[in-house]
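Letter by letter, the chains look like this.
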Amino acid sequence: MAKESPVSLKNLTVLGKEHLPSGGGFMILPGRLDHLDLMRLEALLGGRPVVYLLEQGAALDAELKAHLEKESVQAMAIVPQATDPGAYRAAVRGALKDGSVIIYLPAQAAAVTAPFTTVPGNKLEFLLKADVPVLPLQVMLNEQTTTPVGPRYDADDRMFAFGPLLQGEDVNLAAYQESMLRLSEQAFSASPALDMHLAYAVLRGLKKHGSSNYIVDGKDERTLRFDKVLAAAMALSRVVKRETSKHRVAIILPPGIGGLICNLAVLFAGKVPVNLNFTAGRAAIDSAIRRGELDRFLTADIFVRKMQSFPWPPSKQLILIERIMPKMKISIGIWLALSKLLPSFLLATLLGIPKKGGSAEATLLFTSGSSGEPKGVALTHRNLMANVTQFGNRLAMDRTDSILGSLPLFHSFGCTVTLWYPIIYGLHLVTYPSPLEVKKIAELVEKHRVSLMIATPTFLRGYLRGVNREQLASIKLLVTGAEKLPTTVAEAFETKFGKRVLEGYGLTETSPVSNVNLPDPAPIGDEEKGYVWLPSHRQGSVGQLIHGLAVKITHPETGAPQPLHQSGMIWFKGPNVFEGYLNDPKRTAEVIQDGWFRTGDIGRVDLDGFLYIEGRLSRFSKIAGEMVPHETVEEALVKAMGLENESSRKIAVVGVPDADKGEALILLTAMPGGPEHQEILDLRYRLLDKGMPPLWIPKKMIRVADIPVLASGKLDVQGCEKIARAAAGV
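(A) Here's a closer look at the packing of aromatic side chains. Under the criterion given, the structure shown has 12 aromatic pairs. Arranged with centres 5.6 Å apart and planes meeting at 85°, the rings of Phe-578 and Phe-597 form a pair that is edge-to-face. In this pair, Phe-578 sits in the loop between strand 27 (568–573) and helix 19 (585–591) while Phe-597 sits in strand 29 (residues 596–605), placing the two residues 19 residues apart along the sequence. Each member of the pair, Phe-578 as well as Phe-597, carries the same accessibility label: buried. Three or more aromatic residues joined by ring pairs form one cluster here, namely Phe-278, Phe-303 and Phe-410. One Lys or Arg, Arg-604, reaches over the ring of Tyr-612 and ends 4.4 Å from the middle of that ring.

So this is what it looks like as structure tokens:
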């Protein structure tokens, strides 16, 4: 080993040091390693003999090259494409015989921010053919674990996370990937930046970006700088605090200046914002209000008049913002002056906002459950700070960029990605109350040079009709989620607008972002000169995992562990994963086990870490981005059709692919009757009268002799789907 002056470990945090074997005879396979990291790693090895393993001609930084050229340094070069695996295995084992430690040196690579490895999957596969014990090492830069309003780190601040030694049958690519993703989660979770209180973070964001960033309300073209948004929200927070002693406050507003200020005001009042789904059925809304213990509702007069089907509470419980805000001009002026004079921590003290939020509830969202009653997903300050950090650092937008905010605030994407993210990272926010009015949105995109657009495939279809290519020219990133992206939509959109549609994935329970495809990075050098290029987009996948999130795959029925590359039940673990459903320990226990979240989706991971969603286990259909529970629809149909007293199952609801909405519901019935199209139309009106959302009502009826059931008496879902698909021609 080369003799060098001792390297400082002052800015290094080491996790899993107990996994570092006391002797030699193993290979360290890091996700990345520069010269400083290498010197620190040598120091941790305590003088053990080291042999470096690298690709012949690999592009390394100058200091690393100089280190390898020293006489005392032993190195072994390979050419994966040309080296015989047997010869490689023998050479590695020979190098380990004297108790040495082999350290692989990854080449310089073009990759997304904070990748779990900078080594391509096919090269990792070859390296692991040495069939020797492998010690995974995750090297995470501390600056990748914080936000623009969080703690600052030096460029050489690092976290080393060592995993358990992989031996025997565990020395394979899938096991190595799973270990590296778990180490990424452990390192990211150790960041103190994630403990910041969300209210404190957005206060700092509004103050930091106050004079440079703004929100545009596309409904009336009003523009408000972030510093004035901050003043208005602080003033309104005092009203909210006086109005109720309850812990949570409801907000019933679409995206816009009003929706933003109200959410901020509730946070600044030390309370939890609950953006209610005003498109849900009456029973779901009543359930959310009851279980959320809500007694005050921030909304607007015009919205109350527009949403007459909403079960509005008594007027005394409504806080109508357009009535009270004009009376608060003096208060807003005072808070604006204070926000200019006082630093963030003093403003927070005046408002009673703590610096740390941790596992306290920060927001409450409701999502449909299998029983039909909404599940309350309580996301903590840590959940939201983690996801904003993961998403924000991976996207790497800057303060000149603009994001479109048209998704409902009661959806987790609309909440996290188009409320908290632009404030904390300093992006302009351009809003519009409905994602359906694509022509108006396209005008806003063109006028305000929007660069980041979040949509669903259903909404994207609207842009293919009546929107010009030039109107979307400013878009840098177009990310879609909430439902499967059809290839036809992606191809048509790229053909018309020259914009690649990037599919992502997430769930309310993951705050929500877990995966995202991104534009491939620009090469940093020629492959012939030893530089590596890693893709960040793969068609058909939902992208690579965001940093700090681990994944595992189990058998859908037995729950037995499976390799990541084998299709099975997807589980996630990370600081962005929720802790449980609101006052519902039974359903929480069904999906949370030892900190792992069971997504209910079936999928697999490929050689480069891209996740593919291959199916849904539970009986839900995702229609226009909304999860619709089949069993709840069936219960409503049984009542509407008067089948409560039938001794055998007479109906079943299944989902089939639908070109417009992603999926459509089909009703199978074993009841005799008249023309099917007329009966389904009659049922539709009856269900609408009962308050059922339109998306939950089956699109077509199919008569069958008997509803397929299994020997156990359970519904034969696959048999039902086969009938429905055949009848629907899919």
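(B) Seen up close, the nonpolar core. In this structure, Phe-268 and Trp-420 are the most contacted members of the largest nonpolar core, which totals 158 residues. Residue contributions to this core peak at 11 residues, all from helix 7 (residues 226–243). Ignoring anything within four residues of it in the chain, the contact list for Trp-420 reads Leu-198, Val-202, Asn-263, Leu-264, Leu-267, Leu-384, Val-388 and Cys-415. The next biggest cluster of nonpolar side chains, apart from the first, holds 29 residues, and it includes Ala-58, Leu-64, Leu-68 and Val-73.

(C) Examining helix 16 (residues 438–448) more closely. Regarding helix 16, the residues found buried are Val-438, Ile-441, Ala-442, Leu-444, Val-445 and His-448. Seen along its axis, helix 16 keeps its buried residues to an arc of 160°; they face one direction. In helix 16, the exposed positions that point more than 90 degrees away from the buried face belong to Lys-439 and Lys-447. On its buried face, helix 16 sits against strand 9 (214–217), strand 17 (402–405), strand 18 (428–431) and helix 17 (457–463).

(D) Representation of the environment of Lys-356 within the structure. Inspection of the secondary structure assignment puts Lys-356 in the loop between helix 13 (344–351) and strand 15 (361–367). On the accessibility criterion, Lys-356 (63% relative accessible area) is exposed. Distance in space between the C-alpha atoms of Lys-356 and Asp-584 is 26 Å, their sequence separation being 228 residues. Each residue touching Lys-356, except ones within four places of it in the same chain, is listed here: Asp-195, Met-196 and His-197.

(E) Local environment of the sheet that holds strand 7 (residues 134–141). Within the open sheet, the seven strands sit side by side as 1-8-7-2-5-3-4. Their pairing is mixed. Each edge of the sheet is formed by a strand with only one pairing partner; in this case those strands are strand 1 (12–15) and strand 4 (74–78). Recorded for the sheet is a direction-independent mean angle of 25° between the axes of neighbouring strands. Pairing analysis gives three bridges linking strand 2 (residues 26–30) to strand 5 (residues 101–104), with the strands arranged parallel. Residue Phe-26 lies in a different strand from strand 5, and its bridge partner there is Val-101. Against the sheet, helix 3 (residues 85–96) makes contact with strand 2, strand 3 (50–55), strand 4 and strand 5, and its axis sits at roughly 130° relative to strand 5, the strand it touches most. On the sheet, helix 5 (residues 173–189) packs against strand 1, strand 2, strand 7 and strand 8 (158–162) and is oriented at approximately 35° with respect to strand 7.

About the thresholds
- Residues numbered from 1 in each chain as written.
- Predicted model: local features only at pLDDT ≥ 70, side-chain atom pairs only at ≥ 80, totals over all residues.
- Heavy atoms only, no water.
- Phe/Tyr/Trp six-rings, centres within 6.5 Å; stacked < 30°, edge-to-face > 60°.
- Helix = DSSP H or I, 4+ residues; strand = E, 2+ residues; numbered from the N terminus.
- Buried < 20%, exposed > 50% of the residue type's maximum accessible area, 1.4 Å probe, protein only.
- Lys NZ or Arg CZ within 6 Å of the ring centre and 35° of its normal.
- Core = buried A, V, L, I, M, F, W, Y, C linked by side-chain atoms within 4.5 Å.
- Contact = heavy atoms within 4.5 Å.
- Arc of directions from axis to C-beta.
- Pairing = 2+ DSSP bridges.
- Axes fitted to C-alpha atoms, helices over the stretch in contact; angles between N-to-C directions.

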